[in-house]
Amino acid sequence: FTFDTTLHCYQLAHLRPRSAAADASDFPPQPRMVVVPDVSEVYLPLPVCAMEDETEEKSALLAALDALPESFRDTCVQGSCLGAALKAAMLAFGPNGGKIVVFAASSPSVGEFSKPHGCYADMQSAAAREAAPRRAGKESPLGGLATQLANAKVSVECFAAPKEGFMDLAGLSPLPRFTGGDLHYFPDFVAARDAARLQAELSRVLWRRQGRAAELRLRVSRGWKVSKVHGHFLTKKLNHLLVANCHEDQGFLVSVEPEDTPLGGGNKPAPGKNPAPLAFSSFKPPCFVLQVALSFTDADGLRRVRVFTWAASSSSRSIADVALCTDAAVVAALLAVRALDDGDASDLAGARSRLQQECQQIAQACGPSCQEALSPLHLRVLGMLKSAAFRASSEDVGPDFRAALWSRLEALPIDQLDAYLRPALLPALPSTLQQPGAPDAGPAAGGRPCGCGHEEPHNLPWCLPLARSSLSPDGVYLLDDGETISAWIGRDVPLDPWSLWQLLCGAGDVRQHQGPWAEACVALFRALCCSRRYGFLLRLGPMVRQGDGGEEAFLSRLIEDDGPGQLLSFSKWSQCLFLPSAPC
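What you are looking at is a predicted structure, and each value in this text was computed from that prediction instead of being measured.

Participant: Kindly report on the environment of Asp418, identifying the contributing residues and their values.
Facilitator: You can see Asp418 is positioned in helix α14 (residues 414–421). In terms of polar contacts, Asp418 uses its side chain to reach the side chain of Arg380, at 2.4 Å.

Have a look at this one:
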């Protein structure tokens, strides 16, 4: 399907109709487009065809795609009936479900599930920019359609590429959130810059390992209960989730808490119901057991079941002991997604306040003796507070950008989310760090191996501390937050930001630049891309030179420093968390 203010249904060439009553001679050798002008009550104008022969399937699909640019070259139609197109695609799938890949440049404004233009036109004030993403997502007409799609076992992957202006991505966010999909955002789309990344992300969406019509069930041992599950799915019950599409690039976070009822009462089975299995009833608190069962349909059409059981004992352990063995990345991710959910009911300032308060409660419960053990957690929480997801709105954090970022953070696996919370600052030429007076990247100076968010080290240099003191005027540094690569160029390096941007895009020639910096930057960028679990092409962020006006956009991600309009430095903020009455 394609769509503007009308719906266009395509009859591909050489495909056999599913219905035996349909005459195959009625199907032309070339793709044919049928326009559905009435988008208020959607129907399928053509019979659904079965694609059985791989060669014919590929040639027919490519012929239809090749004809699209010429068909709409001179169009002046503005508007979108995205809701009607999604409903028509759901009808085409039938009872088996499937995956819809949406490419959109504007929000739906015509037909079902649409909003009139100008609903959030007033985005001048900071309060309006902060409230728009969650408010629009909560009031989105597409929420009801997303529920229908999830129940029909249909997942939606959204690729949003607005040319300019406000697109209301928060209004589109229920589609991937309830159907197990993702929201891919390409602001101010430029083919020369974004085409390679679009191709890489689309290829990954289509070819990664995945299961359809998945159901996720959770069980915990007696005395405990599941209080909340975070991710992209449709909740049937609190411990029963529908995931139209499950894949290896998504994550779920589960919050559990003790039950209010005593262990001896309130857990008896209802009349006619079997008691809990012996495997669970044999464990009694303080032992905790979590069991996760995932059933899904694989690529061969076979139903598969995967079961994971995890048990831990917390007997004779103090809070300090728990803090020493806690995974800081998981705890920080859980605090982050809980704060994002809190944004539904309050403003962004309230979510930031809650995130700080929870971190402060953990610190004060463990005591100052655990300051070093809690330092990795505190650094990640501070990184979230200083990130674009939570910091106060500014010119570089519009409502669409924030909505897309929130949608991504809700469903990222732990390693990718941790890379965003704690970016990696990498020197392009590690050898320059050994010069006299230059900062050291080793563990004695607070450096760390570049393993966060990366599948393998791939000979990457050690990460530097996220502070201005790590930057040298004769060096080039790349900052990797898991999805975006930014660069800082020292004033003594003969390489301008535009040339570096062209080199990383593949449009420049390394041989035209003197010195080792250009070749080193390209090699480091390629190593970072290859270190991802599927060779993901990273989005290019700001490329700045020391002393330029746009330098603050880079320096604001050095979370261990303080700065204008930012929170305290990491050392001061970490100490402040242990003071009962000190505001952080």
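Participant: Before we move on, could you go through the packing of helix α15 (residues 497–505) against helix α16 (residues 517–531) and cite the residues and values that matter?
Facilitator: Packed helix pairs are specified by the crossing angle of their axes together with the interaxial distance, meaning the distance between the axes. Where α15 contacts α16, the axes come no closer than 10 Å and their chain directions differ by 45°. Relative to α16, the element α15 is oriented oblique. Classified by chirality, the crossing of α16 by α15 is right-handed. Residues Leu500, Leu503 and Leu504 of α15 pack against Ala518, Cys521, Val522 and Phe525 of α16.

Participant: Lay out the sheet that holds strand β8 (residues 183–185) with the relevant residues and their values.
Facilitator: With parallel pairing, three strands are arranged side by side in an open sheet as β6-β7-β8. Both edges of this open sheet fall to β6 (98–104) and β8, since each of them pairs with a single strand only. Adjacent strand axes in the sheet meet at a mean angle of 15° when their direction is disregarded. Relative to β8, strand β7 (residues 154–160) runs parallel, the two being bridged by three bridges. The partner of Cys158 across the bridge, within β8, is Leu183.

Participant: Give me the lowdown on a nonpolar patch on the surface, citing residues and values where you can.
Facilitator: Taken together, the side chains of Leu61, Leu62 and Leu65 define a hydrophobic patch exposed on the protein surface, amounting to about 250 Å² of accessible area. Topologically, Leu62 is positioned in helix α1 (residues 54–71). A relative accessible area of 40% means that Leu62 is categorised as partly exposed.

Participant: How would you explain the packing of helix α2 (residues 82–93) against helix α4 (residues 142–151) if you had to name every residue and give the values?
Facilitator: Between α2 and α4, whose axes approach to 11 Å, the crossing angle comes to 10°. With respect to α4, the element α2 is oriented roughly parallel. Touching Gly83, Leu86 and Met90 of α2 are Leu142, Leu145, Gln148 and Leu149, all from α4. Considering only residue class, the contact of α2 with α4 consists of five nonpolar, two polar and no charged.

Participant: Give a description of the packing of aromatic side chains that names residues and reports values.
Facilitator: Enumeration according to the criterion identifies seven aromatic pairs in this entry. When the ring of Tyr477 is compared with that of Trp488, the centres are 5.8 Å apart and the planes differ by 50°; the resulting orientation is tilted. Of this pair, Tyr477 sits in strand β17 (residues 476–480) while Trp488 sits in strand β18 (residues 484–489), and the two are eleven residues apart along the sequence. In this pair, the class of Tyr477 matches that of Trp488, namely buried. Relative to Trp501, the ring of Trp498 has its centre 5.1 Å away and its plane inclined at 10°; by these criteria the two rings are stacked. You can see Trp498 and its partner Trp501 sitting in helix α15, three residues apart, about one turn around the helix. Judged by relative accessible area, Trp501 falls into the buried class, the value being 18%. One aromatic cluster is present, formed by Trp224, Phe288 and Trp310 through successive ring pairs. Cation over ring: Arg557 sits above Tyr420, and NZ or CZ is 5.3 Å from the ring centre.

How each quantity is defined
Residues numbered from 1 in each chain as written. Predicted model: local features only at pLDDT ≥ 70, side-chain atom pairs only at ≥ 80, totals over all residues. Heavy atoms only, no water. Helix = DSSP H or I, 4+ residues; strand = E, 2+ residues; numbered from the N terminus. Polar contact = N/O pair within 3.5 Å; in protein donor to acceptor, adjacent residues only side chain to side chain. Axes fitted to C-alpha atoms, helices over the stretch in contact; angles between N-to-C directions. Parallel < 35°, antiparallel > 145°, perpendicular 65-115°, else oblique. Left-handed = near helix turned anticlockwise from the far one by under 90°. Contact = heavy atoms within 4.5 Å. Pairing = 2+ DSSP bridges. Patch = residues over 30% accessible without salt bridge, like charges linked within 9 Å, V, L, I, M, F, W, Y side chains within 5 Å. Areas by Shrake-Rupley, 256 points an atom, 1.4 Å probe, with all protein chains shown as cover. Salt bridge = Lys/Arg side-chain N within 4 Å of Asp/Glu carboxyl O. Buried < 20%, exposed > 50% of the residue type's maximum accessible area, 1.4 Å probe, protein only. Nonpolar A, V, L, I, M, F, W, Y, C, P; charged D, E, K, R; others polar. Phe/Tyr/Trp six-rings, centres within 6.5 Å; stacked < 30°, edge-to-face > 60°. Lys NZ or Arg CZ within 6 Å of the ring centre and 35° of its normal.

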